[in-house]
Amino acid sequence: MAAKDEYNVRGTVKPSPGFNAYHDAENLRNSMKGLGTDEDVIIDLLSSRTNFQRQQIIKSFKSSYDQNLIDELKSELGGNFEAVVEGLMLTPAKFDAQQLNYAMEGAGTDEHVLLEILATRTNKQIYELADAYQTENAVSLKESIQCDNAGDFENLLLALLKAKRDESIVGDSSLAQVDAQELFAAGEDKWGTDETKFIKVFCRRSFAHLRKVFEEYFQITNKDVEDSIKDEMSGSFQMGMLALVQYAKNPAGYFANKLFEAMSGAGTDDRGLIRIIISRSEVDMMDIKIEFLKLCGKSLFSYIEDDVGGDYRKILLRLCGKEEDE
């Protein structure tokens, strides 16, 4: 391997022991040869390899058969199952860039997706997805955001895109008191709201620090910061700021709620379901499953099992991971 395959222990997808990229490439080719496709081989293999390992398989497939593995898979598969497989084979940066492009294509813009991705990725990941976006679209992500958004929400997205967040895992109590006082002065304590102060604190401070800020804010105002945002802000900007608070307070809970929203009500937001399952499968899916059970009283595995079908269901369930008692 060219580099170490790093992974998070709270993910459900972990490196496959005894990994052999050439062997996997051969198995995938055999699954697509002749009449019909052996989808179970594709599901079993791709859902049990990390993204790093899948990139090695792509290279081995190209060197062995002089073919693009992603193109070959897409030609054999269809629908949401194809979308999941393609998403798994793209690098995380290219996958995020694709999702951002989907969110801004056509007449409307899905502000929730823009916020979700830019608010929850690391600084390094934001730099990488911005590069991937420009490579794929021949226009910068900044330009696309400016064309598709306006006002305070546009300013919030551009601030997140700068990827200037402090990524330390502890907060500064004395600075948190200062930040909380400044947020109070910029909102509750004046006529009108100084949105730039909120954007600066919410987009520059670490999430650990923001949790301290929210505690200090409550001590000053006897009011939860979310309630102040609801009173002081509106529209997409309010949605974005509330999402940042929710993610800062409980990252896994934030995504559990997003997954519930994707599968509740009439119809399923398949693109949202796929995006979150893929993007969190190597990060914190185990924690998300715990929060989902608390939220819904039903496991994420069972919810997916009841909500979708076919090979699409099989691969999502493999990525989600089944608990011992399910």
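Everything numeric here is computed off the predicted structure, so don't read it as measured data.

## With respect to the pattern of salt bridges
Piece 1. For the structure shown, the criterion picks out 20 salt bridges.
Piece 2. Between Asp284 and Arg280 there is a salt bridge, and its shortest N-O distance comes to 3.0 Å. A single burial state applies to Asp284 and to Arg280, both of which are buried.
Piece 3. Ionic contacts of the salt-bridge type, sharing partners, join the residues Asp40, Asp311 and Lys314 into one network.

## Thoughts on the nonpolar core
Piece 1. In this structure, Leu156 and Phe202 are the most contacted members of the largest nonpolar core, which totals 103 residues.
Piece 2. With nine residues, helix H15 (residues 235-249) is the largest single contributor of residues to this core.
Piece 3. Beyond its immediate chain neighbours, meaning those up to four positions away, Leu156 contacts Leu115, Ile199, Cys203, Phe237, Gly240, Met241 and Leu244.

## Some details on a positive patch on the surface
Piece 1. Where like charges cluster on the molecular surface, the positive patch consists of Lys142, Lys162, Lys164, Lys200 and Arg204.
Piece 2. Looking at where Lys164 falls in the secondary structure, it is placed in the loop between helix H10 (151-161) and helix H11 (173-186).

## Some points on helix H18 (residues 285-296)
Piece 1. Between its first and last C-alpha atoms H18 spans 16 Å; for 12 residues at 1.5 Å apiece the expected length is 16 Å, and the two agree.
Piece 2. Those residues of H18 hidden inside the fold are in contact with helix H16 (251-263), helix H17 (270-280), helix H19 (300-307) and helix H20 (310-320).
Piece 3. Just past H18, the residue Gly297 takes up positive phi, approximately 70°.

Calculation notes
Residues numbered from 1 in each chain as written. Predicted model: local features only at pLDDT ≥ 70, side-chain atom pairs only at ≥ 80, totals over all residues. Heavy atoms only, no water. Salt bridge = Lys/Arg side-chain N within 4 Å of Asp/Glu carboxyl O. Buried < 20%, exposed > 50% of the residue type's maximum accessible area, 1.4 Å probe, protein only. Core = buried A, V, L, I, M, F, W, Y, C linked by side-chain atoms within 4.5 Å. Helix = DSSP H or I, 4+ residues; strand = E, 2+ residues; numbered from the N terminus. Contact = heavy atoms within 4.5 Å. Patch = residues over 30% accessible without salt bridge, like charges linked within 9 Å, V, L, I, M, F, W, Y side chains within 5 Å. Areas by Shrake-Rupley, 256 points an atom, 1.4 Å probe, with all protein chains shown as cover. Lys, Arg positive; Asp, Glu negative; His and termini not counted. Charge placed at Lys NZ, Arg CZ, Asp CG, Glu CD. Expected span 1.5 Å × (residues − 1).

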